[in-house]
Amino acid sequence: MAEAVVSVTVQKLGELLLEEPLLLFGIGDQVKQLQDELKRLKCFLKDADEKQQKSERVRNWVAGIREASYDAEDILEAFFLKAESRKQKGMTRVLRRLACILNEAVSLHSVGSEIREITSRLSKITTSMLNYGIKEAMGREGLSLSDSQREQRQSFPYVVEHNLVGLEQSLEKLVNDLVSGSEKLRVTSICGMGGLGKTTLAKQIFHHHRVRRHFDRFAWVYVSQDCRRRHVWQEIFLNLSYKDENQRILNLRDEQLGEELHRFLKRNKCLIVLDDIWGKDAWDCLKHVFPHETGKIIVMFKYNSSFIILVIFICYTVGSEIILTTRNKEVALYADPRGVLHEPQLLSYEESCELLEKISLSGRENIEPMLITKLEAIGKQMVVRCGGLPLEITVLGGLLATKSTLNEWQRVHENIKSYVSNGGSGSGSKSMLVADVLCLSYEYLPSHLKQCFLYFAHYPENYEVHVETLVSYWIAEEMVMPVKHTEDGTTVEDIGQDYLEELVRRSMVMVGRRDIVTSEVMTCRMHDLMREVCLNKAEQESFVQVIDSRDPDEAEGFPSLSTNTSRRIAVQLHGGAEEHRIKRLSQVNYINPRFRSLVYIMKKQGNSWALLGKVSFRKMKHLRVLDLEGAQIEGGKLPDDVGDLIHLRNLSLRLTNVKELTSSIGNLKLMITLDLFVKGKLCIPNVIWKLQRLRHLCMPSDLDPKTKLDLSTLRNLQQLWDFPVGQCNPRDLLAMTSLRRLSINLSSQNTDFEAVSSLSTVLKRLRGLTINVPCEPLLPPVDVTQLVSAFTNLSELELFLRLEKLPGEQSFSPDVGALRLWQCGLVDDPFQVLERLPNLKILQLFEGSFVGSKLYCSKNGFPHLHSLTLSQLENLEEWTVEDGAMMRLVSIELKSCKKLKSVPEATRFLKNLQEVEIGNMTKTFKDKLISGGEDFYKVQHVPSVVFEYCDL
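Sequence order as written defines residue numbering, which begins from 1 separately in each chain. Side-chain atom pairs in this predicted model are given and counted only at pLDDT of 80 or more, local residue features only at pLDDT of at least 70, and totals for whole chains, interfaces and linings cover all residues. Side-chain measures were taken over the full set of non-hydrogen atoms in the model, leaving aside hydrogen atoms and water.

Across its full length, the protein chain holds 31 helices and 31 strands. The cut-offs for exposure are 20% and 50% of the maximum accessible area for each residue type, with area from a 1.4 Å probe on protein chains only; residues under the lower value are buried, those over the upper are exposed, and the others partly exposed. Burial analysis of the protein chain (952 residues in total) assigns 53% to the buried set. If you take every contact in the protein chain between residues at least 6 apart in sequence, the share linking residues at least 24 apart comes to 65%. Just so you have it, the protein chain exposes about 43200 Å², and 50% of that area is on carbon and sulfur atoms. Numbering of helices and strands runs from the N terminus, with a helix taken as a DSSP run of H or I at least four residues long and a strand as a DSSP run of E at least two residues long. Residue contacts are defined here by distance: any two heavy atoms, one from each residue, within 4.5 Å place the two residues in contact. Working definition of accessibility: Shrake-Rupley area with a 1.4 Å probe, residue cover restricted to the visible protein chains.

What follows is the structure in structure tokens.
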């Protein structure tokens, strides 16, 4: 990870030297010397990062470079900000400018001294590589994946797992695909996180009797991270050939080996398994020997004046197949985009219990049935901790198989985490540790993704992480660097999303929810065992200090943070009875002054917590991220010294009780994300215009009427939520040409839709638009046809206002994928228009959006609709769907439509429907749909039908 930190610092030093030479006048040489020193050390860091796990000397050496790099970045950034501020203030008055020269000289001298001190530290670190044998230690430790680990991980086709649970259907499907495949070579990829059973499944396929009859020759090669082309080609050829050919194959030159293997695979029907392949480069290295021509026999006739010549060209039939196992989905798709991709799933609770029972209790006829029953009960409690990961269950089962008494099983239950992660014993075992299997995924990450992965250590167990928030943290800490001069408009947020997707493809992060319209990951989480790896690596790297409010030792030890070397602090608040501890944790004055982020995370999202006592940010000068979501601060005001946090890039006051924002917030010139969505009314001084680097601004829903804001300078905004027309000039939006998401609040006195529509000429990148107008009885309905038709690139539209009518389908952007309506008061059936929108995937009709009694969907209507919500439509009595409509519908949500008699008859024909959620409906409605009810046949094919508050 240190390599990524140093890379960022080197890049920033280079930018300063290139773009601001005048500001660095007099110390430019020292900055260049520091940059050169870091570049030299960076050459060693990639190897050192991999080897520090095994050597404390290497670990301390790496930490020294990382800390020096952080310090250099802090010093130069602070100097640059102060110099820039003086330049802006001093240019208007010559005398003031002259008065500043002496101060600037003093600052330059001070910064120069600090840079020399850091360069000296780095020089000593370089010297220590030789004096203390660190370079030799790095060499002796070898690769992080040691030879012994490689031997333990290596798979052999003849070692077959017999306790097969949860893979039976997958096995049959994949075997069918293999034996019924075309003559063209095809790749079948089995992809997923470590320990998921990929190799186990591949072995079952490899030995399946139908597969054995279908193919002529078989080869199994373990590839691993260290992919050597000659070795893999040799192993394939040796597997496929007769033994008397072995010596000749071993003596072949590389080009001869590749040519002969290619020819062999063209002439024979072979099955090749490449187990544990890690990267696209490995596939590129190996693929040249695999023939891709389709087998053909071509017959041609040549006519001569006296006879016909028959010419037959034979192109050898291939029929060979490749199975590869990988943790990286990108590798699978790259190897063969049209091949078969199979992603094994985690085992269900029932499957987990079955597997554990097979391994731990099979063949124990000598144990009394009563004891077996007790052991089964304990096993069912333990298996929950395995999270459905087959490897973890297998290790646990193997351990329990050696235990015969109830006390022994209970002892394992009490210490299950250490037992399982240590591979079956308190101190490790001969078999490779479960954690080590997953650690390999971390070791193989590029340096920039290691930092992003470690950020998950901030979050509690089983926490659903909001990706947009997580990426904003990464950006604030410059773990994601912007790409300059991109022609396709790629933003730093796009790059952050790509990083997250890469972690998903590498099976290190699991997707919670995806945006149905854009397919971007909205929430994600980690498997418990992968999280343990993350926590261990974060601790090793001193990446983050996690404080758990439930732990009295953590609460009492909060003052020790002043000596902690972590640059980040995450306070996990679990609420309830722990509030007195939250008070102690809130005494932030004890914190290490060099730390970069302070994040308070409520386990139950949306809850509040008390930040008691006097709050001060005086000792937090290097903060980049400050997330106080849910904090209830005494007096409802942030201290003025928040304006001293000049490095701050991300500030969240979401759901806090802050009533007034201090004007010193205008000092935070590097701010990128500012969330002011507080509880209640907020007074904001007119200083937001100073934050010209802002990219994401969320305004309060209730702004003090006296507030008047100028936002015309915020040219970099990507998202603007709750823009208040009453307190801001709509013309300010004309400067925000980069906006992708806009939420605008129009007052009842100012509903100038023409002015809003005119924004479409400059907001070319806008993809999401929300219009909110207070619903007042005397306010007449409006026609939004012009507004809707003006924005031709919208993919999401949300309207909170009374409408005269719904615009015709031709008025909507053809790209609209999500539409949400509130309080529209529509009398005519909106389905008659909306069912014709070609790309609509999400439709949500909320309270008062439709006041009629009948909804009708005609045949072929809503061709791409994925999710439908009907909520609080008080007059809705009848909903009809013709056969052939909504054929891609996956989810239906019905809430508080108490006059609705039943779901449509055609619901039973919606074969893709996976979920029906029914809430706050009548008991009669529910009784019709439950098993045995008169309408149960309509939903009996749906996997999940959920009822909430329907018994009243």
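Okay, the nonpolar core next. By nonpolar core we mean a set of buried residues, namely Ala, Val, Leu, Ile, Met, Phe, Trp, Tyr and Cys, connected to one another through side-chain atoms within 4.5 Å. Counting residues in each nonpolar core, the largest one holds 117 residues, and the members touching the most others are F831, L870, W879 and M886. Residue contacts for W879: discarding those within four places in its chain leaves F831, L855, L868, L870, M886, I892, L894, L900 and P904. Formed by 51 residues, the second largest nonpolar core is a distinct cluster that contains L449, A457, Y459 and I475.

On to the packing of helix α15 (residues 349-361) against helix α16 (residues 369-383), then. Each axis is a line fitted through C-alpha atoms, taken for helices only over the stretch in contact, and angles between the N-to-C directions span 0 to 180 degrees. Look at α15 against α16: their axes get within 10 Å of each other, and the N-to-C directions meet at 130 degrees. Comparing the axis directions of α15 and α16 gives the class oblique. The way α15 lies across α16 gives a crossing that is right-handed. Residue-level inspection shows Y349, S352, C353, L356, E357 and L361 of α15 in contact with α16, the latter providing I372, L375, E376, G379, K380 and V383. Polar here means any residue outside two lists: the nonpolar Ala, Val, Leu, Ile, Met, Phe, Trp, Tyr, Cys and Pro, and the charged Asp, Glu, Lys and Arg; Gly therefore counts as polar. Residue classes in the contact of α15 with α16 are distributed as 7 nonpolar, 2 polar and 3 charged. Our angle categories are set so that under 35 degrees counts as roughly parallel, over 145 as roughly antiparallel, 65 to 115 as roughly perpendicular, and the remainder as oblique. Each crossing is labelled by how the near helix is turned from the far one, with a counterclockwise turn of less than a right angle marking it left-handed and a clockwise turn marking it right-handed.

All right, on to helix α10 (residues 229-240) then. In a helix, the anticipated span is given by 1.5 Å times the number of residues less one. The end-to-end C-alpha distance of α10 is 17 Å, a good match for the 16 Å that 12 residues give at a rise of 1.5 Å each. Among all positions in α10, only V232, W233, Q234, I236, F237 and L240 are buried. Where α10 is buried, its residues touch β2 (217-224), α11 (246-250), α12 (254-267), β3 (270-277) and α13 (280-286).

The next subject is the packing of α15 against helix α17 (residues 390-400). Running from N to C, α15 and α17 cross one another at 35 degrees; their axes reach a closest spacing of 8 Å. Crossing angle aside, the handedness with which α15 passes α17 is right-handed. From α15, S352, L355, L356, I359 and S360 reach across to α17, where they touch P390, I393, T394, L396, G397, G398 and L400. Across the contact of α15 with α17, the residue classes tally to 7 nonpolar, 5 polar and no charged.

Quick look at unusual backbone geometry now. In most cases, non-glycine residues show a negative phi, while peptide bonds are predominantly trans. For N462, which is not glycine, the phi dihedral falls at a positive 60 degrees. Along the chain, the position of N462 falls in the loop between α21 (447-454) and β8 (465-466). Taking relative accessible area as the criterion, N462 reaches 55% and is therefore assigned exposed. Despite not being glycine, D722 has its phi angle at roughly 60 degrees, a positive value. Assessed through its relative accessible area of 14%, D722 is described here as buried.

This part takes up empty space enclosed by the protein. Every definition here rests on a 1 Å grid over the protein atoms only: cavities are sets of points where a 1.4 Å probe fits but cannot get out, pockets are open sets enclosed by protein on both sides within 12 Å along at least five of seven lines, and lining residues have some atom within 4 Å of a point. Grid points are joined across faces, edges and corners, and a volume is the space filled by probe spheres set on the points. Scanning the model with the defined rule gives 7 cavities of 30 Å³ or more in all. There is about 90 Å³ of room inside the second largest cavity. For the second largest cavity, the full set of lining residues is F456, Y459, P460, E461, N462, Y463, V465, R525, M526, D528 and R531. Taken together, the residues of the lining of the second largest cavity sort by class into 6 nonpolar, 1 polar and 4 charged.

This part takes up helix α23 (residues 492-505). Between its terminal C-alpha atoms α23 stretches 20 Å, which fits the 20 Å expected from 14 residues at 1.5 Å a residue. The buried fraction of α23 is high, at 12 of 14 residues. Those residues of α23 lying buried are V492, E493, D494, I495, G496, Q497, Y499, L500, E501, E502, L503 and V504. Those residues of α23 that are buried lie in contact with α14 (329-335), α21, α22 (467-476), β9 (510-514), β10 (521-525) and β19 (696-698).

All right, on to the confidence of the model for the protein chain then. A score from 0 to 100, pLDDT tells how confident the predictor is in each residue. Residues at a pLDDT of 70 or more form 80% of the protein chain, whose mean pLDDT is 82. Between residues 141-147, whose pLDDT stays under 50, and residues either more than four places distant or in other chains, the model counts 13 contacts. In the model, residues 294-303 has pLDDT below 50 throughout and makes 29 contacts with residues more than four positions away in sequence or in other chains.

Right, let's talk about the pattern of salt bridges for a bit. For salt bridges, the criterion is a side-chain nitrogen of Lys or Arg within 4 Å of an Asp or Glu carboxyl oxygen. On inspection of all chains with the given rule, the structure shows 37 salt bridges. Between R230 and D254 there is a salt bridge, with its nearest N and O atoms 2.7 Å apart. Taken together, the positions of R230 in helix α10 and D254 in helix α12 put the pair 24 residues apart, joining distant regions of the chain. E917 is the salt-bridge partner of K895, the closest N and O atoms lying 3.5 Å from each other. Placement of K895 in strand β29 (residues 891-895) and of E917 in strand β30 (residues 915-919) is noted, with a sequence separation of 22 residues between them. Each of the salt bridges in this network shares a partner with another, and the network as a whole consists of E67, D71, E73, D74, R567, R594, R596 and R624.

On to the sheet that holds β10. Hydrogen bonds between backbone groups are what pair the strands of a sheet, and the pairing can be parallel or antiparallel. At least two bridges found by DSSP between two strands are what make those strands a pair. With respect to topology, 3 strands assemble into an open sheet ordered β8-β10-β9, the strand pairing being antiparallel. The outermost strands of the open sheet, each flanked by one partner alone, are β8 and β9. Strand direction decides the pairing type here: β8 and β10, joined by 2 bridges, are antiparallel. Looking at the pairing, H466 lines up with T523 of β10. Relative to β10, α23 is tilted by about 45 degrees, and along the sheet it contacts β9 and β10.

What follows is about the sheet that holds β2. Pairing is parallel across the open sheet formed by 5 strands, whose spatial order is β2-β3-β6-β1-β7. A single partner strand is all that each edge strand has here, and the edge strands are β2 and β7 (340-342). For this sheet the average axis-to-axis angle between neighbouring strands, irrespective of direction, equals 15 degrees. Bridge count between β2 and β3: 7 bridges; the pairing is parallel. Bridge pairing links F218 to L271 in β3.

Before going further, it helps to spend a moment on the packing of aromatic side chains. Pairing of aromatic side chains here covers Phe, Tyr and the six-membered ring of Trp, requires ring centres within 6.5 Å, and sorts the geometry by plane angle: under 30 degrees stacked, over 60 edge-to-face, intermediate tilted. Throughout the structure, instances matching the rule amount to 14 aromatic pairs. With 6.3 Å between their ring centres and 75 degrees between their planes, F215 and F218 make a pair best called edge-to-face. By the burial criterion, F215 is buried, and F218 matches it. Between W283 and F290, the ring centres sit 5.6 Å apart and the planes meet at 20 degrees, which makes this aromatic pair stacked. On the accessibility criterion, W283 (3% relative accessible area) is buried. Note on F290: relative accessible area 2%, which makes it buried. Through successive ring pairs, a cluster of aromatic residues spans F206, F215, F218 and W220. A ring is considered to have a charge above it if a Lys NZ or an Arg CZ atom is located within 6 Å of its centre and within 35 degrees of its normal. Note that K280 overlies the ring of Y334, its terminal NZ or CZ placed 5.3 Å from the centroid.

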